[in-house]
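Fold and geometry: a report
Spelled out from the first residue to the last, the chains are:
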Amino acid sequence: MRKFKNPQKDRFLKQFPESSLETCDIESRCKFNFSYFDDTQVHGSELASLTLETLAHIMEKIRAYTRHDLNYWRNQRCGSGGLKIFADYGAFPTKSNFTHPKSIPHDVSWCRFRMENLSRLIGFTVPGTYADKPKKDCVPYDINTFYLVFIDLEHNFYVSETK
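This one's a predicted model, so the numbers in the text were calculated from it and none came from an experiment.

**Concerning the overall build of the protein**
- The number of helices and strands found in the protein is three helices and seven strands.
- Traced from its N-terminal end to its C-terminal end, the protein shows the element sequence α-β-α-α-β-β-β-β-β-β.
- Computed over the C-alpha atoms, the radius of gyration of the protein is 20 Å, more than 25% above the 15 Å expected from 2.2 N^0.38 for a compact globule of 163 residues.
- The principal-axis extent of the C-alpha atoms belonging to the protein is close to 75 × 45 × 35 Å.
- Here the protein holds 163 residues, and the buried ones make up 33% of them.
- Considering only intrachain contacts with a sequence separation of at least 6, the fraction spanning at least 24 residues in the protein is 63%.
- Accessible area of the protein: about 11,300 Å², with a carbon and sulfur share of 53%.

Okay, here's the thing in structure tokens:
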């Protein structure tokens, strides 16, 4: 059987997506939620006050973090000392230059993403114990979502760590 090349057909077919929800890995990628973002505290950063370069850097980091699930980042290390990229703190730290915002539930798991140098994305996740406890008439809790609360550019959230 002879195969004919049809460049017009090939160009037409290349415009269609190659995957579907069933064949992609969308369910395993972590999500970022900004609905609890707090830019009112002295040591945090306001989005509007960040330089375009800093904001672009943060967005590139978030983009990279969302390519994998949170458990993947819990096990990834950076630097020569093997520092964790994503760390769970559990409760809000007692030694912090931030205060626990009233809008954040008391039983979340506080955590952070390490960026470069002293910069951190501070937030929380829903503890794994809630994975099988959906609220009545609601979608199940998503334990693979990072709720961003603070952008900490100077490492002020967990002050007992060395700078």
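So much for the structure itself; the text now carries on.
**So, the nonpolar core**
- Ranked by size, the top nonpolar core spans 18 residues in total, and within it Phe 32, Tyr 65, Phe 113, Leu 121 and Phe 146 carry the most contacts.
- Mapped onto this core, the elements with two or more residues apiece are helix H2 (52-65), helix H3 (70-74), strand S5 (109-114) and strand S7 (145-152).
- Beyond its immediate sequence surroundings of up to four residues, Phe 113 is in contact with Phe 32, Tyr 65, Leu 70, Trp 73, Ile 85, Phe 86, Ser 119, Arg 120, Leu 121 and Phe 146.

**A closer look at the pattern of salt bridges**
- Evaluated as defined, the whole model comprises five salt bridges.
- The partner of Asp 142 in a salt bridge is Lys 31, with the nearest N and O atoms 3.4 Å apart. With a gap of 111 residues between them, Asp 142 in the loop between strand S6 (120-125) and S7 and Lys 31 in strand S1 (residues 31-33) connect regions that are remote in the sequence.
- With relative accessibility at 28%, the residue Asp 142 sits in the partly exposed group.
- In this structure, Arg 63 and Glu 60 form a salt bridge, with 3.5 Å as the shortest nitrogen-oxygen distance.

**What about the sheet that holds strand S4 (residues 86-90)?**
- If you walk across this open sheet you meet the five strands as S1-S7-S6-S5-S4, and the pairing is mixed. The sheet is open, and its two edges are formed by S1 and S4, each paired on a single side. Averaged over all pairs of adjacent strands, the angle between strand axes in this sheet comes to 35 degrees, irrespective of strand direction.
- Pairing between S4 and S5: four bridges, direction antiparallel. Along S5, the bridge assignment pairs Asp 88 with Cys 111.
- Here H2 sits on the sheet in contact with S1, S5, S6 and S7, set at roughly 45 degrees to S6.

**Some words on the side chain of Thr 145**
- For Thr 145, the position within the fold is in strand S7.
- Not counting chain neighbours up to four residues away, the residues in contact with Thr 145 comprise Lys 31, Asn 33, Leu 70, Phe 124 and Thr 125.

**So, the packing of aromatic side chains**
- In total, this model carries 22 aromatic pairs according to the counting rule given.
- Taking 5.9 Å as the distance between ring centres and 55 degrees as the angle between the ring planes, the aromatic pair formed by Phe 98 and Phe 157 counts as tilted. Of this pair, Phe 98 sits in the loop between S4 and S5 while Phe 157 sits in the segment after S7, placing them 59 residues apart in sequence. Accessibility classification places Phe 98 together with Phe 157 in one group, the buried group.
- Measuring from centroid to centroid gives 5.1 Å for Phe 113 and Phe 146, while their planes differ by 75 degrees, and the two rings are edge-to-face. Here Phe 113 is found in strand S5, whereas its partner Phe 146 is found in strand S7, with 33 residues between them in sequence.
- On the basis of relative accessibility, which here comes to 0%, the residue Phe 113 falls in the buried class.

Quick notes on the rules
- Residues numbered from 1 in each chain as written.
- Predicted model: local features only at pLDDT ≥ 70, side-chain atom pairs only at ≥ 80, totals over all residues.
- Heavy atoms only, no water.
- Helix = DSSP H or I, 4+ residues; strand = E, 2+ residues; numbered from the N terminus.
- Rg over C-alpha atoms; globule rule 2.2 N^0.38 Å.
- Buried < 20%, exposed > 50% of the residue type's maximum accessible area, 1.4 Å probe, protein only.
- Contact = heavy atoms within 4.5 Å.
- Areas by Shrake-Rupley, 256 points an atom, 1.4 Å probe, with all protein chains shown as cover.
- Core = buried A, V, L, I, M, F, W, Y, C linked by side-chain atoms within 4.5 Å.
- Salt bridge = Lys/Arg side-chain N within 4 Å of Asp/Glu carboxyl O.
- Pairing = 2+ DSSP bridges.
- Axes fitted to C-alpha atoms, helices over the stretch in contact; angles between N-to-C directions.
- Phe/Tyr/Trp six-rings, centres within 6.5 Å; stacked < 30°, edge-to-face > 60°.

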